[in-house]
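One letter stands for each residue in the lines below.
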Amino acid sequence: MSRLDVHEIEKTLSGAQAGASAVLRAVTFSISDGECLGLKGSTGSGKTTLLRIIAGLLAPDSGEILLDDRLISSAKTQLPPAQRGIALVFQSLGLWPHLTVKGHLDFVLSATGLSRAEQEAHCANALETFLIRDLASRYPAQLSGGERHLLALARAFCTQTRLLLLDEPFTGLDSGLKSRVLETLAQERLRRNLTTLLVTHNDDEMRCLCDRVEHLSEGHIVTRSRKVQNTE
């Protein structure tokens, strides 16, 4: 699908108590077309800030981010989030309580420029793929934890996403539900050859989804390691 290149990204945020503090320091890495990169790091290391910059929700102080060799973020250039083709799934999921399952998908598809018939086809495919077809008329409050996670992923996948960003989206799921969600995501990601960046503390999630892992510490990329292969 797409290649992501992050070059020398710097970001300083101002805390209400502590004043200004450097969150990201010269962060540089690349994700190849179709690759899934895992990003580990302790709380406060800058992982979520980095994802928000890639998605276009924050601007970097310096450095550049390119998607397929197109500049999408720098201190002077900010491509609007809706024009990036990037889907971001937060730990909180960010579901809209007033929309049904189908309403979530219809809403994001309405901005794609597809015909109504094409939108309906994409919606039906996402509902089927993520095993929530029978839940189409329900609202988020009427879903289980696993079903809400599947809805968040279906919303991310139902459009022509070029890059998928996952910010600890499986936190709070029990092992059975997590296995179901991870298996569905892994199959669909591989089928679409979707370039992905996963932030998580969980090694099992890394083994299931990631091709390699990097570690972010105090705003720096400090280690690189190949994925630990699952031999089961």
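For the structure, see preceding data.
Peer 1: Explain helix 1 (residues 47-55) to me, using residue names and the numbers behind them.
Peer 2: Of all nine residues making up helix 1, seven are buried, and the element is well covered by its neighbours. Among all positions in helix 1, only Lys47, Thr49, Leu50, Leu51, Ile53, Ile54 and Ala55 are buried.

Peer 1: Can you lay out the packing of helix 2 (residues 101-109) against helix 4 (residues 145-157) for me, pointing to particular residues and giving the numbers?
Peer 2: In contact at an axis separation of 9 Å, helix 2 and helix 4 are set at 20 degrees when each is read in the N-to-C sense. With respect to each other, helix 2 and helix 4 are oriented roughly parallel. Handedness of the helix 2/helix 4 crossing: right-handed. On the side of helix 2, the interface is formed by Val101, His104, Leu105 and Val108, while helix 4 contributes Leu151, Ala154 and Arg155. Broken down by class, the residue content of the contact of helix 2 with helix 4 amounts to five nonpolar, one polar and one charged.

Peer 1: Break down the nonpolar core for me, with residues and values.
Peer 2: Judged by nonpolar contacts, the single largest core of 38 residues is most densely connected at Val89, Leu105, Ile132, Leu164, Phe170, Leu185 and Leu209. Secondary-structure elements contributing two or more residues to this core are strand 6 (86-89), helix 2, helix 3 (116-129), helix 4, strand 7 (163-167), helix 5 (175-192) and helix 6 (203-209). It is helix 4 that provides the largest number of residues to this core, a total of seven residues. With residues up to four places along the chain from it excluded, the contact list for leucine 164 reads Ala87, Val89, Ala156, Phe157, Leu185, Leu194, Thr195, Thr196 and Leu197.

Criteria and cut-off values
- Residues numbered from 1 in each chain as written.
- Predicted model: local features only at pLDDT ≥ 70, side-chain atom pairs only at ≥ 80, totals over all residues.
- Heavy atoms only, no water.
- Buried < 20%, exposed > 50% of the residue type's maximum accessible area, 1.4 Å probe, protein only.
- Helix = DSSP H or I, 4+ residues; strand = E, 2+ residues; numbered from the N terminus.
- Axes fitted to C-alpha atoms, helices over the stretch in contact; angles between N-to-C directions.
- Parallel < 35°, antiparallel > 145°, perpendicular 65-115°, else oblique.
- Left-handed = near helix turned anticlockwise from the far one by under 90°.
- Contact = heavy atoms within 4.5 Å.
- Nonpolar A, V, L, I, M, F, W, Y, C, P; charged D, E, K, R; others polar.
- Core = buried A, V, L, I, M, F, W, Y, C linked by side-chain atoms within 4.5 Å.

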